[in-house]
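Now for the letters of each chain:
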Amino acid sequence: MQIDSPKFGRIEVADDKLITFPAGLPGFEDCRRFALLHPDAAQSRVFYLQSVEQPEVAFSIASPDQFGLHYEFSLSDAELASIGLQRAEDAAVMVILRRDDPENAASPLRAILTAPLVINLGSQMGLQKAIANIGCDITLRSAD
């Protein structure tokens with residue numbers, strides 16, 4: 001599949017790199033299929049979710065493990081069924097990253113910890129889990 005992304009240009013995406021969010025993402029309910037991209041695999045800890053339906057929509061994401069974070073939360077039976085998840089080891093948890101000033105690449109990245117993504121690696125389906133009262137915000141800065 002080819003996507004014309006304003007961020008990445010024209011890209012070819014293999015089917016095994018597509019993640020489906022059956023309910024979309026909050027605020028982006030019309031975006032249900034995303035390409036999982038990692039253009040600079042050797043240099044970066046950041047992945048990108050590029051919308052297939054709306055190429056102007058892309059999110060930076062990362063594993064919370066890379067930053068020493070550990071999540072423990074439960075999914076309801078309905079949430080588990082929506083992504084076909086039966087075993088915890090088939091799940092990947094990711095956090096969406098955002099910049100305070102999207103136009104300034106030096107602006108710090110912030111992890112949105114109250115709404116992690118849960119992706120079933122087997123079914124390639126995911127959801128965004130809203131967590132109330134997590135009570136922290138982490139700013140990611142480069143070591144430079």
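Provided above is the structure to which this section pertains.
Residues numbered from 1 in each chain as written. Predicted model: local features only at pLDDT ≥ 70, side-chain atom pairs only at ≥ 80, totals over all residues. Heavy atoms only, no water.

1. Some points on unusual backbone geometry
Positive phi values are uncommon outside glycine, yet Gln-124 reaches one of about 60°. Locating Gln-124 in the fold gives a position in the loop between β8 (109–120) and β9 (125–128). With a relative accessible area of 24%, Gln-124 lands in the partly exposed category. (Helix = DSSP H or I, 4+ residues; strand = E, 2+ residues; numbered from the N terminus. Buried < 20%, exposed > 50% of the residue type's maximum accessible area, 1.4 Å probe, protein only.)

2. Quick word on the pairing of strand β4 (residues 33–37)
Two elements, strand β3 (residues 18–20) and β4, share three bridges in a ladder whose sense is antiparallel. Within β4, the position partnered with Thr-20 by the bridge is Arg-33. Inspection of the sheet shows β4 paired to strand β5 (residues 47–51) by four bridges, in the antiparallel sense. Bridge assignment links Leu-37 to a residue of β5, and that residue is Tyr-48. (Pairing = 2+ DSSP bridges.)

3. Side note on the nonpolar core
Judged by nonpolar contacts, the single largest core of 17 residues is most densely connected at Ile-3, Val-13, Ala-35, Leu-37, Val-95 and Leu-97. Within the residue set of this core, elements represented by two or more residues are β4, β7 (91–99) and β8. Broken down by element, the residue count for this core peaks at three residues, all from β8. Once you skip the residues sitting within four places of it in the chain, Leu-37 turns out to touch Phe-8, Ile-11, Val-13, Phe-47, Tyr-48 and Gln-50. (Core = buried A, V, L, I, M, F, W, Y, C linked by side-chain atoms within 4.5 Å. Contact = heavy atoms within 4.5 Å.)

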